[in-house]
Amino acid sequence: MTHQQRSEGRLSPSGDTEDIVGMSRLLAPRLAYFAGVARTEHVTRAAQEMQVPQSTLSRAMVRLEQDLGVDLFARRGRTVSLTPAGRTFLGSVERALAEIERAADEVRADADPATGKVAFGFLHTMGSETVPGLIRAFRVDHPRVRFSLVQNYGEAMIERLRSGELDLCLTSPVPDAPDLVGRRLDEQKLRLVVPADHRLASRRRIRLAEAADETFVTLEPGYGLRRITDDLCRQAGFRPRVAFEGEEAETLRGLVAAGLGVALLPPPAVPRPGVVELTVTAPRAAREIGVAWLDGHPDTPPVAAFKRFLLSRRGNLLPE
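Rules of the game
Residues numbered from 1 in each chain as written. Predicted model: local features only at pLDDT ≥ 70, side-chain atom pairs only at ≥ 80, totals over all residues. Heavy atoms only, no water. Helix = DSSP H or I, 4+ residues; strand = E, 2+ residues; numbered from the N terminus. Rg over C-alpha atoms; globule rule 2.2 N^0.38 Å. Buried < 20%, exposed > 50% of the residue type's maximum accessible area, 1.4 Å probe, protein only. Contact = heavy atoms within 4.5 Å. Areas by Shrake-Rupley, 256 points an atom, 1.4 Å probe, with all protein chains shown as cover. Pairing = 2+ DSSP bridges. Axes fitted to C-alpha atoms, helices over the stretch in contact; angles between N-to-C directions. Polar contact = N/O pair within 3.5 Å; in protein donor to acceptor, adjacent residues only side chain to side chain. Phe/Tyr/Trp six-rings, centres within 6.5 Å; stacked < 30°, edge-to-face > 60°. 1 Å grid on protein atoms, 1.4 Å probe; cavity = no way out; pocket = protein on both sides within 12 Å on 5 of 7 lines; lining within 4 Å. Points joined across faces, edges and corners; volume = space filled by probe spheres on them. Nonpolar A, V, L, I, M, F, W, Y, C, P; charged D, E, K, R; others polar.

Chemist: Just checking my understanding: could you explain the overall build of the protein chain for this structure?
Modeler: Across its full length, the protein chain carries nine helices and 13 strands. For 320 residues, the compact-globule estimate of 2.2 N^0.38 gives 20 Å, and the C-alpha radius of gyration of the protein chain, at 31 Å, exceeds that figure by more than 25%. In terms of its C-alpha atoms, the protein chain occupies a principal-axis envelope of roughly 95 × 45 × 35 Å. Buried positions account for 44% of the 320 residues belonging to the protein chain. Within the protein chain, counting contacts between residues at least 6 apart in sequence, those at least 24 apart form 74% of the total. A total accessible area of about 17,100 Å² is found for the protein chain, and carbon and sulfur atoms account for 50% of it.

Chemist: Teacher, can you tell me more about the sheet that holds strand β7 (residues 191–195) here?
Modeler: Hydrogen bonding along the main chain pairs the strands of a sheet, whether they run parallel or antiparallel. Taken in spatial order, the four strands make up an open sheet running β8-β12-β7-β11, and their pairing is mixed. Each end of this open sheet is capped by a strand with a single partner; those strands are β8 (205–207) and β11 (263–265). Averaged over all adjacent pairs, the angle separating strand axes in this sheet is 45 degrees, with direction ignored. Relative to strand β12 (residues 275–282), β8 runs parallel, the two sharing three bridges. Its bridge partner lying in β12, Arg205 is registered against Thr279.

Chemist: Is there a simple way to think about the environment of Arg199 in this case?
Modeler: Structurally, Arg199 is set in the loop between β7 and β8. According to the relative accessible area criterion, Arg199 is exposed, its value standing at 54%. Polar contacts involving the side chain of Arg199 include one to the main-chain carbonyl oxygen of Glu210, which spans 3.3 Å. Within the structure, Arg199 has its side chain in polar contact with the side chain of Glu214 (distance 2.8 Å).

Chemist: What is the right way to read the packing of aromatic side chains from this model?
Modeler: When we look at a pair of aromatic rings, we describe it by the centre distance and by the angle of the planes. Counted according to the given criterion, the structure contains eleven aromatic pairs. With a centroid separation of 5.0 Å and 80 degrees between ring planes, the pair formed by Phe120 and Phe306 is classed as edge-to-face. With a gap of 186 residues between them, Phe120 in strand β3 (residues 117–122) and Phe306 in helix α9 (residues 301–312) connect regions that are remote in the sequence. Residue class for Phe120 comes out buried when judged on its relative accessible area of 0%. An angle of 25 degrees between the planes, with centres 4.5 Å apart, marks the rings of Tyr153 and Tyr223 as stacked. Within this pair, whereas Tyr153 is found in the loop between β4 (146–151) and α6 (154–162), its partner Tyr223 is found in the loop between β9 (215–219) and α7 (224–235), the two being separated by 70 residues in sequence.

Chemist: Looking at this structure, I do not really get the layout of surface pockets. What am I missing?
Modeler: The calculated volume of the largest pocket comes to roughly 450 Å³. Forming the walls of the largest pocket are 21 residues, and the residues nearest its centre are Glu129, Gln188, Pro267, Pro268 and Ala269. Mapped by element, the contributors of at least two residues to the lining of the largest pocket are β6 (180–189) and α8 (249–257). Counted by class, the lining of the largest pocket contains eight nonpolar, five polar and eight charged residues.

See the structure below:
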């Protein structure tokens, strides 16, 4: 049988998205059937191998050709052979089926209770000590669970939760949104960090209002710690005069050491020379640390296990 264009082809030449989606829904269930028949070149044998009724397989091939508008097979009784169009189509179908199988293997592996993967986001300030300690403790009982780790600021991580790129994130402040679940885990005190030769460096405690005339270095707008800094200064009766904005707390600590301003920061993982860190007595300077996830999003077993672990660390999340 020579190849011919079928007049009843259903694919619209307009290329509209609706047409493409509709065609994909029609084709998808029939591709594996097509590959099986093409491999065996025999409808009855293919039906036996795939454990489907021969009539079902035959109808599926006829409908596939009708949907594409071309003949894929030359038929001689129950025996078939591929037309040139059929051979071209088979190459693409085999690649597509192999990719689908690879993707299925990958998602099954990620969901495996023992060796699956957790996509976990956290603040930069949690990265040097808190998160490594948490993962080390979790892997005592789950030694082969894998992690995809993302460091970012709070708003960016929330967007990645919503897009499905993250399973969980450790953030501050704890988000309050109808599509998210947030659970408070711990609290971290903030300190006023000043240069070692600063006029306040001899102090151990300070009211934040005493720093009203100072130049501040802060994180950029959109960072949770920036919002907390602005709010604490407002409570102390002033608006901070900001000279430098950055993306990472330790960079700010370096700017303070260089004498370029003061900053409200969480404690460092390792003490830094050139600065003095003062306890703020008023207003109460602290930030909540919590875990968040997308409401209604189903958890794989490894994600559920890590979520339970994080919630069990409530009040004991941060290193001493």
